[in-house]
Structures are given as structure tokens and as C-alpha cells.
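# Inside the fold
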Amino acid sequence: MELNGISLDELGIVYYPHPALRQRAKHIDEIDESIEKLARKMVELMYANKGVGLAANQVGVPVRLFVANPTGEKGNELIFVNPEIVEANGWAEAEEGCLSLPQIYGNVRRNKTVIIVATDLAGARREMKVTDLLARIVQHESDHLDGRLIVDRFSVLAKMSCRSRLKELEALARKSS
Ligand code: CO
């Protein structure tokens, strides 16, 4: 698989306004060695950055894959390939952050419980009913695969209060490019 021309060792978290964060990620046709390696690398990066979830768009590779671990305990990571949320129930609002949007936090309304169908690395299609934090994570990461970020879901007020930080991140990206 083509990792967007990036070698695995060079993969790192990309920050807003990196274009991969706004791309709709592509369906994964085959779980080959490169997808497995990519998933392992993403798990590593998630732990190194103390995140509870990471989508492939966030390492600059827009394919439909994300990893999650609501406990943060190593070994409990979950890997979702071609995930689809097939049912959603209830509502809950809580503060979220994102590894690609450093120092930006805001409340996001999400479904409290969702049923997600995804393929694991062994190629098995599984259905999982998740609630609370894990439900929030899978919705946040599914958003990434559709090119959507938490700021898109912020209230008008929360959007206004993170505007200058977004401008800062844009300026940082212009400086380093
Ligand atoms: Co995120």
C-alpha cells in the first residue's frame, strides 16, 4: 500500500491545517502488511502522545483506519478498519481535544451509545456496541475519516474562542513549509 509517499519511520502526527485532515479517507481494499504496520505505528504514536484515539488522516495517510484505547493501558488497543456506525442512540455532551489541534478544547455533543461495524487486522468483520467514552472516541475518529474536526462541531461561542489559536497554528504551518 502507498503510504502517501511517506516511509513508516517518518510517520508522525500532522497538525491543523494539514490537508490530510480535511480529506475523506479511502476505503481499505486489502489488509496487507503495510496496513498492519501502519496500524502498529499509529498505536505507538497514540501512546507516545497520550491520546485515546488516532485516525490515519492524522498521520497524513487518508485511509479508513483508526486506533483507540479508552483506558490508555497498553495492550488494550482496538483497531478499526473500514468502520461504519450503523446505529446511534442518546446524547451526551463533553469536552474534547484532538492530537492534531494542540491546545484546543471544547464541548462536543455526541451520541451516547453507538453500534460500530469494523474489520479487525485478522480480516474479521465485527460488530461492537459501545457507550460513553469509547462511543465518543469512535465518533471523533470516524469524523476524522470524513475530514471533519472537533472545531466543526463546536458551538458558535467555542468556535470564536479558539479562532486565534487556529490562526496561530496556520501561521506555524506557513513558517515550517
Ligand atoms: Co482527533
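In this report, we go over the structure that sits alongside the text. It should be emphasised that the depicted structure is a prediction, and the values quoted were computed from it without experimental measurement.

## Here's the deal with the overall build of the protein
Broken down by element type, the protein carries five helices and five strands. In the protein, the succession of helices and strands from N to C terminus is α-β-β-β-β-β-α-α-α-α. For 177 residues, the compact-globule formula gives about 16 Å, and the C-alpha radius of gyration of the protein, at 16 Å, lands near that figure. The dimensions of the protein, computed from C-alpha atoms along their principal axes, are 45 × 40 × 30 Å. The contacts of the protein with a sequence gap of at least 6 include a subset with a gap of at least 24, amounting to 66%. For the protein, the accessible surface area stands at approximately 9,600 Å², while carbon and sulfur atoms represent 49% of it. Seen as two clouds, the 24 positive and the 25 negative side-chain charges of the protein have centres 7 Å apart.

## Details of unusual backbone geometry
In the segment running from Y16 into P17, the intervening peptide bond is cis, with an omega of 5 degrees. Note on placement: P17 falls in the segment before α1 (33-48). Positive phi, close to 50 degrees, is recorded for N82, a residue that is not glycine. With respect to the helices and strands, the residue N82 is situated in strand β3 (residues 78-96).

## Some details on the pairing of strand β4 (residues 106-119)
Consecutive residues of a regular strand have side chains that alternate between opposite faces of the sheet. Summarising burial for β4: 11 of the 14 residues are buried, a large majority. In terms of strand pairing, β3 meets β4 through 12 bridges, oriented antiparallel. Bridge assignment links A92 to a residue of β4, and that residue is R110. Looking at chain direction, β4 and strand β5 (residues 125-131) are connected through seven bridges and run antiparallel. Across the sheet, the residue bridging to A118 is R126, located in β5. Turn length for the β4-β5 hairpin, with the two strands adjacent in sequence and antiparallel, is five residues, and the turn residue G123 shows positive phi of about 95 degrees.

## Section: a nonpolar patch on the surface
Residues V156, L157 and M160 make up a contiguous nonpolar surface patch of roughly 370 Å² in combined accessible area. Inspection of the secondary structure puts V156 in helix α4 (residues 156-161). With a relative accessible area of 63%, V156 lands in the exposed category.

## Digging into the coordination of the cobalt ion
Bound to the cobalt ion on the protein side are C98 (SG), H140 (NE2) and H144 (NE2), at distances that span 2.0 to 2.3 Å. When the donor residues of the cobalt ion are listed from N- to C-terminus, their spacing reads C-x41-H-x3-H. One end of the pair, C98, is in the loop between β3 and β4; the other, H140, is in helix α2 (residues 132-145), with 42 residues separating them in the sequence. By the burial criterion, C98 is buried, and H140 matches it.

Reading guide: rules and limits
Residues numbered from 1 in each chain as written. Predicted model: local features only at pLDDT ≥ 70, side-chain atom pairs only at ≥ 80, totals over all residues. Heavy atoms only, no water. Helix = DSSP H or I, 4+ residues; strand = E, 2+ residues; numbered from the N terminus. Rg over C-alpha atoms; globule rule 2.2 N^0.38 Å. Contact = heavy atoms within 4.5 Å. Areas by Shrake-Rupley, 256 points an atom, 1.4 Å probe, with all protein chains shown as cover. Lys, Arg positive; Asp, Glu negative; His and termini not counted. Charge placed at Lys NZ, Arg CZ, Asp CG, Glu CD. Buried < 20%, exposed > 50% of the residue type's maximum accessible area, 1.4 Å probe, protein only. Pairing = 2+ DSSP bridges. Patch = residues over 30% accessible without salt bridge, like charges linked within 9 Å, V, L, I, M, F, W, Y side chains within 5 Å. Salt bridge = Lys/Arg side-chain N within 4 Å of Asp/Glu carboxyl O. Donors = N, O, S within 2.8 Å, 3.2 Å for Na, K, Ca; no water.

So far we have only geometry, and geometry alone does not tell us how the molecule works.
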